[in-house]
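Tertiary structure, described
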Amino acid sequence: MEYNVNKGIGKPAEFCGLRAQYLVFFAGGLIAVFLLFVILYMIGIHQGVCIGFCIVAAGALVWSVFYLNHRYGQFGVMKLQARQYRPRYIINRKRISRIVTRIS
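A brief structural summary.

1. Structural notes on the packing of helix α1 (residues 21-43) against helix α2 (residues 47-72)
- The contact between α1 and α2 brings their axes to 10 Å, and the two run at 170 degrees. As the angle between them shows, α1 and α2 are arranged roughly antiparallel.
- Grouping the amino acids of the contact of α1 with α2 by side-chain chemistry returns 21 nonpolar, three polar and no charged.

2. Here's the deal with α1
- Compared with an ideal rise of 1.5 Å per residue, which puts 23 residues at 33 Å, α1 spans 33 Å between its outermost C-alpha atoms and is within 8% of the ideal.
- Along α1, the residues that are buried comprise Q21, Y22, F26, G29, V33 and L40.
- As for α1, its buried residues are in contact with β2 (18-19), α2 and α3 (76-85).
- Downstream of α1 by a residue or two, G44 has a phi angle that is positive, lying close to 120 degrees.

3. Brief notes about the environment of F25
- Following the sequence through the fold, F25 ends up in helix α1.
- Under the relative-accessibility criterion, F25 is labelled partly exposed at 39%.
- Taking the C-alpha atoms as reference, F25 lies 9.0 Å from L61; in sequence the two are 36 residues apart.

4. Brief notes about a nonpolar patch on the surface
- Side chains of I31, F34, L35, V38, Y41 and M42 sit close together on the surface and give an oily, nonpolar patch of about 640 Å² of accessible area.
- Within the secondary structure layout, L35 lies in helix α1.
- For L35, a relative accessible area of 45% corresponds to the partly exposed category.

5. Thoughts on the packing of aromatic side chains
- Tallied over the entire structure, the rule returns four aromatic pairs.
- Relative to Y67, the ring of W63 lies with its centre 5.3 Å away and its plane at 10 degrees, an arrangement referred to as stacked. In this pair, W63 and Y67 are both assigned in helix α2, four residues apart and thus about one turn of the helix distant.
- Exposure remark for W63: the relative accessible area of 58% places this residue in the exposed category.

6. Some thoughts on the environment of I31
- Mapped onto the elements of the fold, I31 is located in helix α1.
- In sequence terms I31 and A58 are 27 residues apart; their C-alpha atoms lie 9.9 Å from each other.

Rules used throughout
Residues numbered from 1 in each chain as written. Predicted model: local features only at pLDDT ≥ 70, side-chain atom pairs only at ≥ 80, totals over all residues. Heavy atoms only, no water. Axes fitted to C-alpha atoms, helices over the stretch in contact; angles between N-to-C directions. Helix = DSSP H or I, 4+ residues; strand = E, 2+ residues; numbered from the N terminus. Parallel < 35°, antiparallel > 145°, perpendicular 65-115°, else oblique. Nonpolar A, V, L, I, M, F, W, Y, C, P; charged D, E, K, R; others polar. Expected span 1.5 Å × (residues − 1). Buried < 20%, exposed > 50% of the residue type's maximum accessible area, 1.4 Å probe, protein only. Contact = heavy atoms within 4.5 Å. Patch = residues over 30% accessible without salt bridge, like charges linked within 9 Å, V, L, I, M, F, W, Y side chains within 5 Å. Areas by Shrake-Rupley, 256 points an atom, 1.4 Å probe, with all protein chains shown as cover. Salt bridge = Lys/Arg side-chain N within 4 Å of Asp/Glu carboxyl O. Phe/Tyr/Trp six-rings, centres within 6.5 Å; stacked < 30°, edge-to-face > 60°.

Shown next, in the form of C-alpha coordinates:
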(Lines give C-alpha, C1' and ligand atoms only; values in the text may rest on other atoms or scores of the structure.)
Protein backbone atom coordinates (compact mmCIF):
# COMPACT_ATOMS: atom_id res chain seq x y z
CA MET A 1 0.00 0.00 0.00
CA GLU A 2 1.15 3.49 -0.75
CA TYR A 3 -0.14 6.54 1.12
CA ASN A 4 0.27 10.04 -0.28
CA VAL A 5 0.63 12.53 2.54
CA ASN A 6 0.94 15.78 0.59
CA LYS A 7 -0.97 16.81 -2.53
CA GLY A 8 1.44 19.45 -3.78
CA ILE A 9 3.04 22.81 -3.16
CA GLY A 10 0.81 25.37 -1.48
CA LYS A 11 -1.87 22.83 -0.55
CA PRO A 12 -2.46 21.61 3.01
CA ALA A 13 -1.26 18.20 4.13
CA GLU A 14 -3.94 15.55 3.82
CA PHE A 15 -3.97 11.94 4.97
CA CYS A 16 -7.01 9.66 4.57
CA GLY A 17 -9.31 12.67 4.37
CA LEU A 18 -7.93 14.48 7.42
CA ARG A 19 -6.59 17.93 6.66
CA ALA A 20 -4.31 20.44 8.33
CA GLN A 21 -4.56 20.69 12.12
CA TYR A 22 -6.75 17.58 12.40
CA LEU A 23 -3.74 15.44 11.53
CA VAL A 24 -1.98 16.81 14.60
CA PHE A 25 -5.04 16.20 16.80
CA PHE A 26 -5.35 12.65 15.48
CA ALA A 27 -1.69 11.73 15.94
CA GLY A 28 -1.41 13.45 19.33
CA GLY A 29 -4.59 11.81 20.54
CA LEU A 30 -3.43 8.34 19.54
CA ILE A 31 -0.11 8.89 21.28
CA ALA A 32 -1.97 10.07 24.40
CA VAL A 33 -4.20 6.97 24.33
CA PHE A 34 -1.12 4.76 24.03
CA LEU A 35 0.59 6.49 26.95
CA LEU A 36 -2.61 6.16 28.97
CA PHE A 37 -2.60 2.43 28.26
CA VAL A 38 1.00 2.12 29.41
CA ILE A 39 0.31 4.07 32.60
CA LEU A 40 -2.81 2.06 33.42
CA TYR A 41 -0.97 -1.21 32.81
CA MET A 42 2.01 -0.14 34.93
CA ILE A 43 -0.30 0.83 37.80
CA GLY A 44 -1.55 -2.73 37.87
CA ILE A 45 -4.99 -2.55 36.30
CA HIS A 46 -6.01 -5.77 34.54
CA GLN A 47 -4.82 -5.99 30.93
CA GLY A 48 -8.32 -6.64 29.54
CA VAL A 49 -9.71 -3.53 31.23
CA CYS A 50 -6.81 -1.43 29.89
CA ILE A 51 -7.28 -2.71 26.34
CA GLY A 52 -11.06 -2.26 26.44
CA PHE A 53 -10.82 1.27 27.81
CA CYS A 54 -8.19 2.30 25.29
CA ILE A 55 -10.15 0.81 22.36
CA VAL A 56 -13.21 2.83 23.40
CA ALA A 57 -11.09 5.98 23.91
CA ALA A 58 -9.35 5.56 20.53
CA GLY A 59 -12.69 4.93 18.81
CA ALA A 60 -14.14 8.10 20.34
CA LEU A 61 -11.03 10.02 19.30
CA VAL A 62 -11.19 8.79 15.70
CA TRP A 63 -14.92 9.51 15.44
CA SER A 64 -14.63 13.01 16.94
CA VAL A 65 -11.63 14.04 14.80
CA PHE A 66 -13.27 12.87 11.58
CA TYR A 67 -16.54 14.53 12.63
CA LEU A 68 -14.81 17.86 13.30
CA ASN A 69 -12.89 17.57 10.02
CA HIS A 70 -16.10 16.94 8.09
CA ARG A 71 -18.16 19.59 9.88
CA TYR A 72 -15.72 22.51 10.12
CA GLY A 73 -13.24 21.83 7.33
CA GLN A 74 -9.65 22.92 7.03
CA PHE A 75 -9.82 26.16 9.06
CA GLY A 76 -12.59 25.14 11.46
CA VAL A 77 -10.63 25.25 14.69
CA MET A 78 -9.33 28.71 13.89
CA LYS A 79 -12.90 29.85 13.16
CA LEU A 80 -14.10 28.51 16.49
CA GLN A 81 -11.26 30.25 18.32
CA ALA A 82 -11.92 33.52 16.48
CA ARG A 83 -15.56 33.39 17.55
CA GLN A 84 -14.46 33.50 21.20
CA TYR A 85 -12.45 36.70 20.68
CA ARG A 86 -15.27 38.57 18.93
CA PRO A 87 -16.84 41.17 21.25
CA ARG A 88 -20.44 40.50 22.25
CA TYR A 89 -21.38 44.17 22.08
CA ILE A 90 -19.70 47.51 21.43
CA ILE A 91 -19.69 50.16 24.14
CA ASN A 92 -20.03 53.71 22.94
CA ARG A 93 -19.34 56.41 25.53
CA LYS A 94 -20.00 59.44 23.36
CA ARG A 95 -23.09 61.57 23.75
CA ILE A 96 -25.92 60.73 21.40
CA SER A 97 -25.96 64.29 20.05
CA ARG A 98 -22.34 63.81 18.88
CA ILE A 99 -23.19 60.55 17.15
CA VAL A 100 -26.38 61.66 15.42
CA THR A 101 -25.86 64.87 13.49
CA ARG A 102 -28.25 66.75 11.28
CA ILE A 103 -27.69 66.67 7.58
CA SER A 104 -28.60 70.05 6.11
